[in-house]
There are 2 protein chains.
Amino acid sequence: MSINITAGQALRLWHQSNLHMVLDDAPDLSVRQIAILLTIYLETPPHTVRGLAQKLNVSKPVITRALDSMGILGLVSRRRDENDKRNVLIQRTVEGSLYLEKLGDMIAEQARQQGEI
Amino acid sequence: MSINITAGQALRLWHQSNLHMVLDDAPDLSVRQIAILLTIYLETPPHTVRGLAQKLNVSKPVITRALDSMGILGLVSRRRDENDKRNVLIQRTVEGSLYLEKLGDMIAEQARQQGEI
DNA sequence: CAATATTGTTTCGGTACCGTATCATTTACG
DNA sequence: CGTAAATGATACGGTACCGAAACAATATTG
């Protein structure tokens, strides 16, 4: 289950994947935005602004603004928690799932191409 | 030599690594800056502003500004090409090497921890 | 109930980045 | 030579993000 790669391989993988993200047509998310997006999609819900801010050790406005930006891109959506109306529950979207699916495929493909000189 | 991982593993690796970069004390570089930095360190020199701009398909000011920022951080340095004084040669630094060494170690470590639940 | 706490958003001033256009310097060429 | 081309840097107006503080809405508590 665990992946064994050298630091050099890791760096080359990071390089190629970052290059692809930059060259890609898709709008470039910041490192923070990517971290937020992946947390929403890979970790167990529910996700709140406060929870994400704590997890990433950033201020709440950072989360609010990232959700604004990524909401415009359709990558996430927000809904009021009906049980506690102070809370906002962050939800996944079809578009976001698709975005991350492509990202995962791209990175795995870059890994596969490592060392093929 | 080639690494075989699933898209899901790639995504989790990306997630954990991005989380570490955000939580890290080191100043957060943008995705573009990281792409530029890794190109300088992993691809064959010489590196020029124009060459990097072409490779990443961005305008030259983007490169100039990224080099300014990363230069202040000590991650790269610049030197005039004495053969053709229009050119600026971008050079690696000890600090930059160290930065990327740590980055590679961190990503490899995250890979190693994949699936350890 | 009133006072306090919690949650997410907005505002504020500031910084950093973007793309386009322009500039200064250097080289190539007619 | 003198003009054109190439290279990198800078100016400019605009956009997006940052942290701190203030805010509105809701929930908790005494």
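Being a predicted model, the structure only gives us computed values, none of them experimental. (Residues numbered from 1 in each chain as written. Chains lettered and ligands numbered in written order. Predicted model: local features only at pLDDT ≥ 70, side-chain atom pairs only at ≥ 80, totals over all residues. Heavy atoms only, no water.)

J.: Describe in detail the protein's contact with DNA strand D, supporting the description with residues and values.
T.: In the region of DNA strand D, 22 residues are neighbours, and Arg 32 and Val 62 of chain A together with Arg 50, Lys 60 and Thr 64 of chain B sit closest. In DNA strand D, atoms within 4 Å of the protein come from the sugar-phosphate backbone in 71% of cases. Here a phosphate oxygen of DNA strand D sits 3.4 Å away from a polar atom, N or O, in the side chain of Ser 59 of chain A. A distance of 2.6 Å separates a phosphate oxygen of DNA strand D from a polar side-chain atom of Arg 50 of chain B. Elements that contribute at least two residues to the surface near DNA strand D include exactly α2 (31-42) and α4 (60-72) of chain A together with α3 (49-56) and α4 (60-72) of chain B. (Near = heavy atom within 4 Å. Polar contact = N/O pair within 3.5 Å; in protein donor to acceptor, adjacent residues only side chain to side chain. Helix = DSSP H or I, 4+ residues; strand = E, 2+ residues; numbered from the N terminus.)

J.: Give me the packing of aromatic side chains: which residues, what numbers.
T.: For the coordinates displayed, the defined rule picks out 1 aromatic pair over all chains. When the centroid spacing of 4.1 Å and the interplanar angle of 25° are considered together, the rings of Trp 14 of chain A and Trp 14 of chain B count as stacked. Placement of Trp 14 of chain A in helix α1 (residues 7-23) and of Trp 14 of chain B in helix α1 (residues 7-23) is noted, with the two residues assigned to different chains. (Phe/Tyr/Trp six-rings, centres within 6.5 Å; stacked < 30°, edge-to-face > 60°.)

J.: Describe the relation of the copies chain B and chain A, listing the residues and the values that go with them.
T.: For the pair chain B and chain A, the best superposition has an RMSD of 0.0 Å and corresponds to a rotation of 180° with a translation of 0.0 Å parallel to the axis. The transformation just described matches what one would write down for a two-fold rotation axis. Here 100% of the contact residues of chain B are again contact residues in chain A; the copies associate through an equivalent surface. (Least-squares fit on C-alpha atoms with pLDDT ≥ 70 in both. Contact = heavy atoms within 4.5 Å.)

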